[in-house]
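Overview (structure and organization)
Here is what each chain is made of, one letter per residue.
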Amino acid sequence: MKLLVLSGLTCDQGRRRVLDGIDLTIRAGEFVGLLGRNGAGKTTLLRAAQGLIPAGGWSSLADMPAHERARMAAFMPQGREIAWPMSVESLVALGRIAHPDAAGAADLAATERAIAALDLGALRHRPATGLSGGEQARALIARALAQETSLLLADEPISGLDPAAQIRVMRLFAALAKDGKGVVASLHDLGLAARHCTRLVLLEQGRIVADGAPSKVLSARNLAQCFGITAQMTQTADGLSFQVQDVTEPH
Ligand SMILES: Nc1ncnc2c1ncn2[C@@H]1O[C@H](COP(=O)(O)OP(=O)(O)OP(=O)(O)O)[C@@H](O)[C@H]1O
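Residues numbered from 1 in each chain as written. Predicted model: local features only at pLDDT ≥ 70, side-chain atom pairs only at ≥ 80, totals over all residues.

Looking at the overall build of the protein
- When its secondary structure is counted, the protein shows 9 helices and 11 strands.
- The C-alpha radius of gyration of the protein comes to 18 Å, within 12% of the 18 Å expected for a compact globule of 251 residues.
- The C-alpha extent of the protein, read off along each of the three principal axes, is 55 × 40 × 35 Å.
- A buried classification covers 42% of the 251 residues belonging to the protein.
- Counting only contacts in the protein whose residues sit at least 6 apart along the sequence, the fraction spanning at least 24 positions is 63%. (Helix = DSSP H or I, 4+ residues; strand = E, 2+ residues; numbered from the N terminus. Rg over C-alpha atoms; globule rule 2.2 N^0.38 Å. Buried ≥ 20, exposed ≤ 12 C-beta atoms within 10 Å, placed from the backbone. Contact = placed C-beta atoms within 7 Å.)

Some points on the site of the ligand
- Around the ligand, the neighbouring residues are Gln13, Gly14, Val18, Gly36, Asn38, Gly39, Ala40, Gly41, Lys42, Thr43 and Thr44.
- Among the elements that line the shell around the ligand, the one with the most residues is helix α1 (residues 42-49), at 3 residues. (Near = placed C-beta within 6 Å.)

A word on the pairing of strand β9 (residues 207-212)
- Summarising the sheet, strand β8 (residues 199-204) and β9 pair through 5 bridges and their orientation is antiparallel. Paired with Glu204 across the bridge in β9 is Arg207.
- Between the antiparallel neighbours β8 and β9 lie 2 residues, among them Gln205 with a positive phi of about 45 degrees. (Pairing = 2+ DSSP bridges.)

Overview of the sheet that holds strand β4 (residues 56-59)
- Spatially, 3 strands are ordered β2-β1-β4 in an open sheet, and the strand pairing comes out antiparallel. Each of the sheet's edge strands pairs with one partner strand only, and the pair in question is β2 (16-27) and β4. For this sheet the average axis-to-axis angle between neighbouring strands, irrespective of direction, equals 10 degrees.
- Where strand β1 (residues 2-13) and β2 come together, 9 bridges link them in antiparallel fashion. By the bridge assignment for β2, Lys2 is matched with Arg27.
- Each of β1, β2 and β4 is contacted by α1, which is oriented at about 120 degrees to β1, the strand it contacts most. (Axes fitted to C-alpha atoms, helices over the stretch in contact; angles between N-to-C directions.)

In structure tokens form, the structure reads like this:
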């Protein structure tokens, strides 16, 4: 089942074209890692796909009425500012705003599931503004999870998390995809992307330059061209193992 279709999506910032003709379809069951250097266009793509910034071309999501979109897709933005000193559990419960006709019990249950999934039980009564950066990230992922949408869009969800929390979040996203949801996450950790994503989409200067299985997208050629690095990749019994070896470009 198609959850998101982008066709010829473009976005300009000033006189620069920062997203240039993106054609992309996300289906149920996929955990898609959105990769690319700083400035490649990952955040712009995630925002333009939702109609949060002006864009050309077509997005199935941006085309929906706002209330339908909120039932279809949850978004964890890259900027993690939390405006009010509300408790962590109240912040997570905000994910339920898109479900005005859900029973109170269903809202509570979804909030509790999200709190448990992100291991926030011990923090639930703390003001969200007083959390560490990584704890705030987990609370915002939980808020998106509580929305219980078919599609989850997450902008650098694991940056700033400790190693165990990063792996837990990647496993959680992989499990959501296995359950039939779709997840698109921009990521800078190529090793975790290789290990956990079902599909990788590589952006360069606002264009998709590779799209497919992790072992194909993380080819030596793509790594050199799009990241200026070399890496060693081996298939192990546990999955794909990926280790960056060197930088191939002068700074
Ligand atoms: N509001 C803005 N005004 C001007 N330029 C912008 C604006 N937003 C984004 N850009 C430019 O658009 C390009 C793509 O930015 P974007 O944030 O999408 O990159 P990214 O791939 O998410 O990068 P990062 O990995 O650093 O988060 C960059 O060159 C950026 O400088």
